[in-house]
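Structural overview for review
The primary structure of each chain is shown beneath.
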Amino acid sequence: MARFDYDLFVIGAGSGGMRAARASAAYGAKVVIAEDNRVGGTCVIRGCVPKKLLVYGAHVREEIEDAAGYGWTIENASFDWPTLIANKDREIARLEAVYRDLLAASSVMLVEGRARLLDPHTVEIAGKQITADKILIANGAHPVRPEGFTPENSITSNEAFHLEKLPKRIAVLGGGYIAVEFAGIFNGLGSQVTQIYRGEQILRGFDDDLRHGLAAELRVKGIDLNLKTHVKRIEKAGNAWRLTLDDDSDLEIDRIMCATGRVPNTADLGAEAAGVALGDGGAVKVDAFSQTSQPNIYAIGDVTNRLNLTPVAIREAMAFADTVFGGRPWAMDHDTVASAVFSQPPIGTVGLTETAARRRFGALDIYKASFRPMKHTLSRRKERTVMKLVVERSTQRVRGAHMLGVDAPEIIQSLAVAVKMGATKQQFDEAVAVHPTAAEEFVTMRSKEPEPAGVKAAS
Ligand code: NDP
């Protein structure tokens, strides 16, 4: 008789957990997966996918405005929030059903309920105890609010997807991915948006040219972006809320959305009972192979707080399955991972920022382009595209490629192959342009930026 009920117990049916469960089952493992919410996890149910659908919805407004420059008259255009939300919900339900079918087709057993580790091989769920040889923790993270903000006075991205009404006035707190994406969504759909960020500039960690470029674009689009600003007080004001900022100014709004970070779901996991060590902010500590301090327990995705992106979790899942059940050990390389911010306009980025590259390599050659996209010559929209290549001077390798502008995520995905391969600037130059596109700028930039003051001596 088998020593354990299953070969693998996966906690969390999100992008990472699903992939690990199916890939392990394909190697012949007997697999069970637990989910206490909807199958699909953050990305599919309350993250990337519904967010992008709302971004598309919000962008229609600009398409309608831009149409005039092309001779079109579109009269009586109006927007209905409940229709968008209902259509989005239908699509998410369809995807969830697809995910459930995928599990069934790969003979992975689904158990619905909250899983808790009792010891290194036992999980308690839905009143039952299930044992497994290996356990994979892939249960993600959840949004957090700063002190003073509660479910009563504020929403997070979780609730933003299900509001009954589009708020007339909304304040978005934070300057990260989620804050800029939702500020853009609400603004595009017609809300009056105030964004409040405590730091010097939004999107800390991104290349400075993109950060400044996006902040300027958000303002042009009508978002009231307040930097170096804190909320001092929040109080009820009739049906609305009054926010007092640190300069003592008041702001009356209908909704406040906290987009102030996410924390790993480990508070109630039983990590200690299973001998799984936690690190900063409650993240599960893992090695390069996603193995925890308890050798038969692994963890992937946002719960490990390494690089919190869906495709990263999926790759960590593949590495886990190949290593543990496929007999082909390999570790996910977290270096040079491309990502996008679906702000309006969007950002696509791969590799090092100028600041990080200077720190690592010293002397750099920087190439930049800033222009009005062709589409906006006739639409007359005042939106600029920014592109930038960060080149290590001594090897001429392109260490970073960054773009703010229409289609940036689509363009950067392909460039990520070249940057990951270590292509040089000359190899970029040898690729003939596709004309007329915005992307061609990445292979036609020829003039180096002047050396910034203070850098000359060092390099
Ligand atoms: P981020 O960590 O990116 O941003 C959190 C923001 O909130 C920062 O601007 C931070 O400021 C601010 N903040 C944190 N604590 C407080 C506080 N107490 N008071 C005021 N402001 C505060 O988190 P997000 O929630 O935006 O996103 C979470 C993760 O999800 C990201 O790391 C990303 O990996 C992933 N994600 C990816 C997306 C994509 O790929 N397109 C889209 C959405 C999310 P400061 O900078 O000063 O710390």
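Before any of the text, the structure's been laid out above.
Residues numbered from 1 in each chain as written. Predicted model: local features only at pLDDT ≥ 70, side-chain atom pairs only at ≥ 80, totals over all residues. Heavy atoms only, no water.

**Overview of the pattern of salt bridges**
Scanning the entire structure with this criterion turns up 37 salt bridges. Between Lys 134 and Asp 133 there is a salt bridge; the shortest N-O distance is 3.4 Å. Overall, the relative accessible area of 27% leaves Asp 133 in the partly exposed class. Taking the shortest distance from any N to any O, the salt bridge between Asp 429 and Lys 425 comes out at 2.7 Å. Of this pair, Asp 429 and Lys 425 both sit in helix α13 (residues 425-430), 4 residues apart, which is roughly one turn of the helix. Judged by its relative accessible area of 26%, Asp 429 is partly exposed. We classify Lys 425 as buried; its relative accessible area is 3%. Residues joined by salt bridges that share partners form a network here, namely Arg 61, Glu 62, Glu 65, Asp 66, Lys 221, Arg 381 and Glu 383. (Salt bridge = Lys/Arg side-chain N within 4 Å of Asp/Glu carboxyl O. Buried < 20%, exposed > 50% of the residue type's maximum accessible area, 1.4 Å probe, protein only. Helix = DSSP H or I, 4+ residues; strand = E, 2+ residues; numbered from the N terminus.)

**Thoughts on the sheet that holds strand β8 (residues 169-173)**
Spatially, β10-β9-β8-β14 is the arrangement adopted by the 4 strands of the open sheet, whose pairing is parallel. Only two strands of the sheet have a single partner each, and these edge strands are β10 (224-226) and β14 (255-258). On average, each strand axis in the sheet is tilted by 15° relative to the strand beside it, whichever way the strands run. In the sheet, β8 pairs with strand β9 (residues 192-196) via 5 bridges, with the strands oriented parallel. Among the inter-strand pairings, Ala 171 is bridged to a residue of β9, identified as Thr 194. Its contacts with the sheet put helix α6 (residues 177-189) on β8, β9 and β14, and the angle it makes with β9 is roughly 165°. (Pairing = 2+ DSSP bridges. Axes fitted to C-alpha atoms, helices over the stretch in contact; angles between N-to-C directions. Contact = heavy atoms within 4.5 Å.)

**Quick word on the packing of aromatic side chains**
Per the stated rule, a full pass over the model turns up 6 aromatic pairs. Judged by centre distance (6.1 Å) and plane angle (40°), the rings of Phe 182 and Phe 186 are tilted. Here Phe 182 pairs with Phe 186, and both are found in helix α6, just 4 residues apart, close to one helical turn. Put simply, the rings of Trp 81, Phe 161, Phe 182 and Phe 186 pair up and form one aromatic cluster. One residue, Lys 30, lies across the ring of Tyr 6, its end atom 4.9 Å from the ring centre. Geometry around Tyr 367 places Lys 425 over its ring, the cationic atom sitting 4.2 Å from the centre. (Phe/Tyr/Trp six-rings, centres within 6.5 Å; stacked < 30°, edge-to-face > 60°. Lys NZ or Arg CZ within 6 Å of the ring centre and 35° of its normal.)

**Quick word on the packing of helix α3 (residues 48-67) against helix α4 (residues 81-105)**
Where α3 meets α4, the closest approach of the two axes is 10 Å, and the angle between their N-to-C directions is 145°. As α3 runs across α4, the sense of the crossing is right-handed. Contacts between α3 and α4 involve Val 49, Pro 50, Leu 53 and Leu 54 from the first element and Leu 84, Ile 85, Lys 88, Glu 91, Ile 92 and Leu 95 from the second. Looking at the contact of α3 with α4 residue by residue, the classes come out as 8 nonpolar, no polar and 2 charged. (Left-handed = near helix turned anticlockwise from the far one by under 90°. Nonpolar A, V, L, I, M, F, W, Y, C, P; charged D, E, K, R; others polar.)

**Digging into the packing of helix α1 (residues 15-26) against helix α9 (residues 310-324)**
Closest axis-to-axis distance for the α1/α9 pair is 8 Å, and the angle between their directions is 25°. It follows that α1 is roughly parallel to α9 by the angle criterion. Judged by the sense of rotation from one axis to the other, the crossing of α1 with α9 is right-handed. Residues Ser 15, Gly 16, Arg 19, Ala 20, Ala 23 and Ser 24 of α1 form the contact with α9, whose own contacting residues are Thr 310, Ala 313, Ile 314, Ala 317, Met 318, Phe 320 and Ala 321. Residues of the contact of α1 with α9, tallied by class, amount to 8 nonpolar, 4 polar and 1 charged. (Parallel < 35°, antiparallel > 145°, perpendicular 65-115°, else oblique.)

**A look at the side chain of Asn 226**
As for its placement among the helices and strands, Asn 226 is situated in strand β10. For Asn 226, a relative accessible area of 19% puts it in the buried group. Leaving out residues up to four positions away in the same chain, Asn 226 has contacts with Thr 194, Gln 195, Ile 196 and Tyr 197.

**Describing the pairing of strand β19 (residues 364-371)**
Counted residue by residue, β19 has 6 buried out of 8 residues, so it is predominantly covered. Summarising the sheet, β19 and strand β20 (residues 385-392) pair through 8 bridges and their orientation is antiparallel. Residue pairing in the sheet places Phe 371 in a bridge with Thr 385 of β20.

**Some words on the state of the cysteines**
Overall, the coordinates contain 0 disulfides when judged by the stated rule. Free cysteine Cys 43: the closest other cysteine sulfur is in Cys 48, separated by 3.0 Å. Given the relative accessible area of 12%, Cys 43 is considered buried. (Disulfide = S-S within 2.5 Å.)

**Considering the environment of Ser 370**
Following the sequence through the fold, Ser 370 ends up in strand β19. In this structure, the C-alpha to C-alpha distance between Ser 370 and Thr 385, residues 15 residues apart in sequence, is 5.5 Å. The contact partners of Ser 370, leaving out residues within four places of it in the chain, are Arg 384, Thr 385 and Val 386.

**Here we look at unusual backbone geometry**
At the junction of Gln 344 and Pro 345, the peptide bond is cis and its omega measures out at 0° in the coordinates. Mapped onto the elements of the fold, Pro 345 is located in the loop between β17 (339-341) and β18 (347-351). One non-glycine residue with positive phi stands out, namely Ser 290, at about 65°. Mapped onto the secondary structure, Ser 290 falls in the loop between α8 (271-274) and β16 (297-299).

Geometry only, nothing functional implied.
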